[in-house]
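Residue strings, one per chain:
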Amino acid sequence: MKNVLLILALATLWWLGGWLVGAGLSAYFGVQWTLQCGLLNVIAGMVMLLWVTRDEEAQRMFYEGPEGNEPGMPAIAFLWVLPFSLMFAGVIWWLMGQFFK
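Bear in mind that the values here come from a model prediction, so they are computed numbers and not experimental data. (Residues numbered from 1 in each chain as written. Predicted model: local features only at pLDDT ≥ 70, side-chain atom pairs only at ≥ 80, totals over all residues. Heavy atoms only, no water.)

Undergrad: Before we go on, may I ask you to explain a nonpolar patch on the surface in this structure?
TA: Taken together, the side chains of Tyr-28, Phe-29, Val-31, Trp-33, Phe-88, Val-91, Ile-92, Trp-93, Trp-94, Leu-95, Phe-99 and Phe-100 make up a nonpolar region of the molecular surface, amounting to roughly 1200 Å² of accessible area. Of all the elements, helix 4 (residues 74–99) adds the most residues to the nonpolar patch, at seven residues. Within the fold, Tyr-28 resides in helix 1 (residues 2–29). A residue is classified by how much of its surface remains accessible, and Tyr-28, at 39% relative accessible area, is partly exposed. (Patch = residues over 30% accessible without salt bridge, like charges linked within 9 Å, V, L, I, M, F, W, Y side chains within 5 Å. Areas by Shrake-Rupley, 256 points an atom, 1.4 Å probe, with all protein chains shown as cover. Salt bridge = Lys/Arg side-chain N within 4 Å of Asp/Glu carboxyl O. Helix = DSSP H or I, 4+ residues; strand = E, 2+ residues; numbered from the N terminus. Buried < 20%, exposed > 50% of the residue type's maximum accessible area, 1.4 Å probe, protein only.)

Set out below in structure tokens:
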């Protein structure tokens, strides 16, 4: 059950990042892309999760965390950081759309 919640949390982050990017682009360009961007980002995030967890060490590290002094993996960090970067970019684009219309 803990693994399912972890995957749902990751999928929610990817959806929220995509939704914010879509809202930002919609405000900036005047087209409705929020739902499409959100769903596309969930697909991209789950494909990246599948790619990252193909490695047994990465799969263990994703679901259980690192053991002791074990170094982190950039692919897992990228999996969690990219949605936050997309959220930031979406907010910036939304603000640009509000101020420069």
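Undergrad: Just to check I follow, could you spell out the side chain of Thr-53 for this structure?
TA: Position of Thr-53 relative to the elements: it lies in the loop between helix 2 (34–52) and helix 3 (56–64). The class for Thr-53 is buried, based on a relative accessible area of 15%. Engagement of the side chain of Thr-53 in a polar contact is seen with the backbone oxygen of Leu-49, the distance being 2.7 Å. Excluding residues that lie within four positions of it along the chain, Thr-53 makes contacts with Gln-59, Phe-62 and Tyr-63. (Polar contact = N/O pair within 3.5 Å; in protein donor to acceptor, adjacent residues only side chain to side chain. Contact = heavy atoms within 4.5 Å.)

Undergrad: Mind showing me how you'd approach the packing of aromatic side chains here?
TA: Working definition: an aromatic ring pair is given by the centre-to-centre distance plus the angle between the planes. Within the structure shown, the criterion is met by five aromatic pairs. Here the aromatic rings of Phe-29 and Trp-33 are separated by 6.4 Å at their centres, their planes lie at 50°, and the arrangement is tilted. Chaining the aromatic ring pairs together yields one cluster made of Tyr-28, Phe-29 and Trp-33. (Phe/Tyr/Trp six-rings, centres within 6.5 Å; stacked < 30°, edge-to-face > 60°.)

Undergrad: In this structure, what is going on with the pattern of salt bridges? I would like to understand it.
TA: A complete count under the given rule lists two salt bridges for this structure. Close ionic contact of Arg-60 with Glu-67 constitutes a salt bridge, the shortest N to O distance being 3.6 Å. Judged by relative accessible area, Arg-60 falls into the partly exposed class, the value being 21%. Arg-60 serves as the salt-bridge partner of Glu-70, at 2.6 Å between the closest nitrogen and oxygen. In this pair, Glu-70 sits in the loop between helix 3 and helix 4 while Arg-60 sits in helix 3, placing the two residues ten residues apart along the sequence. Salt bridges sharing common partners tie together Arg-60, Glu-67 and Glu-70.

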